[in-house]
Amino acid sequence: MENQELENGLKAKFKKNWRLFKQSKLGMTGLTIVIFFGFLAILQPLLFLTNIWDEGTYHPVVGYDSEQISRTVVECPDEYPTEKYNTKEDCPRVDEVNIRYLKAFGIDAEVGDSYFSNVQPAPPSSRHLLGTDSLGRDIFSQLMEGSQVAFLLGLISAIIGVGISTLLGTAAAFYGGKLDSYLMRQSDLVLMLPSLPFLFIISAFAELKVWHLAVVLGTLGGLGGSVITIKSQALQVKVKPFVDSARITGGSKRRIMFSHILPNVAPLALLYMVFSVTGAIASESVLSFLGLLNIDMSWGIMIYLSQTEGFIFTGLKYWWLIIPAGLAVTLLAGGFYLVGRGLDDVFNPRLRRR
Amino acid sequence: MLTYTIKRFFEMVIVFFLFLVISYLLFNAIPGNAFSSLLLNPLLPPEAYQKTIEAFGLDKPLLERLQLYIVNFFKGDFGYSYTYYPRTPIDLISERLPRTLMLFSIVNIVAFYTGFLVGKILAWRRGSKSETWITIGSVFSYTVFYPWFALMMLWFFGYKLDWFPLGKFLVPEKWYDSPYSSDEVFYTLILFTTVLSFLLFLVFIITRGIESIHNRRNARLFGLVVLLFISAIYWTNGEAELKRFYAADIAYHMILPTFTVTLVAFAGTALLTRTTMMEVLKDDYILTARAKGLSQKRVRDRHAARTALLPVVTSFIFTIITIIDGSVLTESIFSWPGMGQLILEAVVQEDIPLAMATFSFIGVLALIAHFIADISYAFLDPRIRIKSES
Amino acid sequence: MSEYALEVKNLSMHYDTLDGNVDAVKNISFNVKSGESFGLVGESGCGKTSVAMTLLQLQPENSVITDGSIKVDGKELIGLSENELRTIRWDSISIVFQGAMNAWNPVIKIGEQIREAMREHNPESSKKDNIEKINELFRMVGLDESISERFPHELSGGMKQRAVIALALSCDPKIIIADEPTTALDVVIQDQILNELKKVQELLGLSLIYISHDIAVIAEMTDKIAVMYAGSIVEIGPTKSVFESPKHSYTRALLDSTPSIHGEKKKLSSLDGEPPSLINEINGCSFSPRCPSPTSGCRDQTVEMGLVQVGEDHFADKCCSECV
């Protein structure tokens, strides 16, 4: 009977919280974004499984489209700006090819001809919604793959990190004394290590695949400054009267910590977790951008490739190589953050407007 | 208070020691060493590599090297940099540090101040249209992919508009005949900025005593004008006048990176301030302040924001710790040769003495900053002050 | 200059919440003369504090005033802009909050917080003048001058409370609202504070609106009294009159439940049940579910509501006035 009541209680609580969450515009926007990317992450294997997409052509890492695209042959002028082109970079456009380039390769052509080639990267077309990269791989497919990576990485490292820091922070707050000192010094030690160089070192002697990176990021995050933050939250809970009454009625220290303090710190921990996902996604993209990871494909890798191949400084000409990936990172990280904000409204009744 | 400080100090020493050991072991764990490139050079005889290794003591076993390093470290001898031989790490750090400090102290102060202002406004205007838009803007700036954003800024302002230089902190041609080295000019700039900030702070403190709000505002404006005047005098006389041209060059190069980083960095503080303020806003004394007939703005700034300042200041101090770590990316993108680049270089090239020295530097900074944070918290909240004294 | 310092007419207000509209204040009307002290008594949740907040136009964001007028010294408050309200707050009407412990900003000294209010309404006054005035006020409430330089957490509860009264007086208001000012204090301090309040009121000729659930205190402090239940006033009249001949069942029950050291020793009587939820609309007499002697009309909720005169200047809810 008691379990039934407990379950109904939990269900009702969940329903109420969900209603509150729906109230928050920001939270719902965030959730929509997260769901959208989640959908993208699932979409890719589905497309392959149902054979809507042929793996040979559309695989994010090893795909290659052998279909040729038609381009118009033009002659690029010597002086700029002209009527058609503003600067040197504007000529030839992505759907055009410079006649001098062809002539240099010994190909005979006239201005105005249609030239068929499959020069990559190719701009967006009906076959490739977001175009292809310089190796002929479909960008949209890469985007979806990156979505999988982002979710995996983000969630795993966030869970590990917050799990560790909540446990440690609460313990530090509750047991105090030597344990507290030790944990504070430990997080000092972790804080002292500059993260980027440190990660570089790790990647130098260990292969960092997605899972490994998730664990490393999570542990680093969990053992560092967040322990201090959680500890101060737990301290505030500790001084509340109900903790004292729990002790008076004879609860053991461990039991009090788990059944009383942890549940009160948990909502905040959940919040931090959501925000950690934001950080993890951003970290991965930065690390990939610096070439420090061994992942096959992720949004960070996409940007890394476009930078090392020199497409970034071409401005908006090859936009599909830069913008989708960058935008995805921003949107998903932001999405999780907004969800966190929505949860904020739910768990912090003092902050509610009603 | 004293016992706490002493205890803390001992703990910090122990932590630092551990830190040194761990770092040293980590660096040595990287396969290869700084000189393995010598092996690839076909013009060098194979003995060259061996001789170099021996000269730098890299042939000794790990534990022996570790012991030697620690002993030497506490004697003050940090060795020579492998890649910049015969320069010592101290030499290199003192060259690079002012550059990073100059750029990133300004950036951090501006970013925090902006963030605090925005956060204040966000919390106050909860539920209004402007809140939604400012929040979206802040979230975007917080989560935007920094390397991409920085590169875009560089491309747009530096290349397309040609308003700002594309990198580095000076234009070599202008400095060709300069009697001053860039370090000297940097030192002058840093000195100037520090003194100016200190004076500004003084102006603020002194005018706190003035009762009437109107008079207080006028007094502060007056103080500002006086400071501007003093600055003008400083830069038009004596040695400073001669350096002015070069100082201006450096300052000019600082504008774009500062602007870029501030845009990305302010959001974190803004969001933190907002959250703290909102907790504070539900407190009863805010209601009392409004009942007293104070304007919304005064209640917000004088009562709510003041209490919200505490966690923001703590966060600021923690950011100082990561000042060098955070500078790595920016320095790479803007080609600003500072500490961040130095560390990355040292790590990549396996220049162990240099890497160890720079890591130690950051380590000490982190420990001290944490300590200061703990103390300043007590200072800002008089409730804690009383408790810690009893 | 109107006859009344405060005139409240047909004030109605509800809170807009997730679960529906909570009718917190239903058609409240009362007047307070200059120098008079007026008491508002009722259970927790009957709407007293909501009324107090509305008087200062400090009601929370989700509250909606649907009807009524509040006139301070003849000037209408509802509908004024924020800037106009600011000049009235504290200057004409101030408040001693419930839980005055938390009325103080913990990081600013007491004296500075009082001077802040003074500066707002008298920008020309010098710091010296302000300090002098504060010292005078402190003397009036029985506090030492040195309190000015202390932080709130350094004072005891009683001291903070007195300081709050000094704060409320700092801009020479005509009306002071005291919302349960002594609830959290022990009886000895309570007595002192109440005496100070009364002394100050008489000295300065202020109007005092005293809000409490403690009917004994109200009896001591007020000239006129209104009894609130579930958001409406069920009985209103001169304190003496209401105490000697209460005409509403609720008022009777309140008086009966107060222990007395005079008379015979008897068991404390109390009311069963709880006040009704204000979310649902209440038809008929809101008190009828708990009334010890309801008529058939009351129970059926068909009886017409409204205040009727039952004595000189003494009004009670139509329903009960007929059966009591």
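Treat the numbers as computed from the prediction; the structure is a model and nothing was measured.

Some words on the overall build of chain C
Looking only at helices and strands, one finds eleven helices and twelve strands in chain C. Within chain C, buried positions represent 44% of all 324 residues.

A word on the pairing of strand β3 (residues 37–41) of chain C
In the case of a regular strand, side chains alternate between the two sheet surfaces. Residue and element names in this part refer to chain C. The element β3 is extensively covered by neighbouring structure, given that five of its five residues are classed as buried. A two-sided burial pattern is seen for β3, the buried positions comprising Ser-37, Gly-39 and Val-41 on one face and Phe-38 and Leu-40 on the other. As paired elements, β3 and strand β8 (residues 207–212) share five bridges and run parallel to each other. Along β8, the bridge assignment pairs Gly-39 with Tyr-210. Two strands pair when backbone bridges link them, and β3 and strand β9 (residues 224–229) are joined in this way by four bridges, in the parallel orientation. Each bridged residue has a counterpart across the sheet, and for Phe-38 the counterpart in β9 is Lys-224.

Notes on the interface of chain A and chain B
Taken together, the contacts link 37 residues of chain A with 41 residues of chain B. At eight residues, helix α13 (residues 319–347) of chain A tops the list of elements feeding residues into the side of chain A that touches chain B. Considering only residue class, the side of chain A that touches chain B consists of 23 nonpolar, nine polar and five charged.

Describing the sheet that holds strand β5 (residues 75–76) of chain C
Residues and elements named next belong to chain C. Judged by pairing direction, the sheet is antiparallel, and its four strands sit side by side in the order β2-β1-β4-β5 without closing on themselves. The open sheet has two edge strands, β2 (20–33) and β5, and neither has a second partner. Alignment of strand β4 (residues 63–72) against β5, held across two bridges, turns out to be antiparallel. Bridging from a neighbouring strand, Lys-71 pairs with Glu-76 of β5. Relative to β2, helix α1 (residues 48–55) is tilted by about 65 degrees, and along the sheet it contacts β1 (4–17), β2 and β4.

Some remarks on the packing of helix α7 (residues 195–205) of chain A against helix α14 (residues 339–349) of chain B
When two helices pack together, their arrangement is captured by the angle between the axes and the distance separating the axes. Contact geometry of α7(A) with α14(B) gives a least axis separation of 10 Å together with a crossing angle of 10 degrees. The angle between the axes of α7(A) and α14(B) places the two elements in the roughly parallel class. Seen from above, α7(A) lies across α14(B) with right-handed handedness. Contacts from A:Leu196, A:Pro197, A:Phe200 and A:Ile201 in α7(A) reach B:Ile343, B:Leu344, B:Val347 and B:Val348 in α14(B).

Describing the sheet that holds strand β1 (residues 69–74) of chain A
All names here are of chain A. Spatially, three strands are ordered β2-β1-β3 in an open sheet, and the strand pairing comes out mixed. Each edge of the open sheet is held by one strand with a lone partner, namely β2 (96–98) and β3 (114–117). Geometrically, the sheet is characterised by an average inter-axis angle of 45 degrees between neighbouring strands, direction not taken into account.

Notes on the confidence of the model for chain B
Residues and elements named next belong to chain B. On average, residues of chain B score 78 in pLDDT, and 92% of them reach the 70 mark or higher. The least confident element of chain B, judged by mean pLDDT, is helix α16 (residues 382–389) at 46; the most confident is helix α1 (residues 2–29) at 83. Note that residues 385–390 has pLDDT below 50 and, in this model, four contacts with residues that lie over four places away or in other chains.

Rules of the game
- Sequence order as written defines residue numbering, which begins from 1 separately in each chain.
- In the order they appear in the text, chains get letters beginning with A and ligands get numbers beginning with 1.
- The predicted origin of the model limits local features to residues at a pLDDT of at least 70 and limits the giving and counting of side-chain atom pairs to 80 or more, whereas totals for whole chains, interfaces and linings rest on all residues.
- In this description a helix means any DSSP run of H or I spanning at least four residues, a strand means any run of E spanning at least two, and both kinds are numbered starting from the N terminus.
- Exposed residues have 12 or fewer other C-beta atoms within 10 Å of their own C-beta, buried residues have 20 or more, and partly exposed residues fall in between, where C-beta atoms are placed from the backbone.
- Each pair of strands is called paired provided DSSP finds at least two bridges between the two strands.
- In this description, a residue-residue contact is defined by the distance between C-beta atoms placed from the backbone, which must lie within 7 Å.
- Here the term charged refers only to Asp, Glu, Lys and Arg, the term nonpolar to Ala, Val, Leu, Ile, Met, Phe, Trp, Tyr, Cys and Pro, and the term polar to all other amino acids, Gly among them.
- Only the stretch in contact is used when fitting a helix axis, every axis being a line fitted to C-alpha atoms; angles between N-to-C directions are given from 0 to 180 degrees.
- Should an angle fall under 35 degrees it is taken as roughly parallel, and over 145 as roughly antiparallel, whereas 65 to 115 is taken as roughly perpendicular and any remaining angle as oblique.
- Throughout, a crossing is termed right-handed when the near helix is turned clockwise from the far one, and left-handed when it is turned anticlockwise from it by less than a right angle.
- The predictor attaches a confidence to each residue, and that confidence, scored 0 to 100, is pLDDT.

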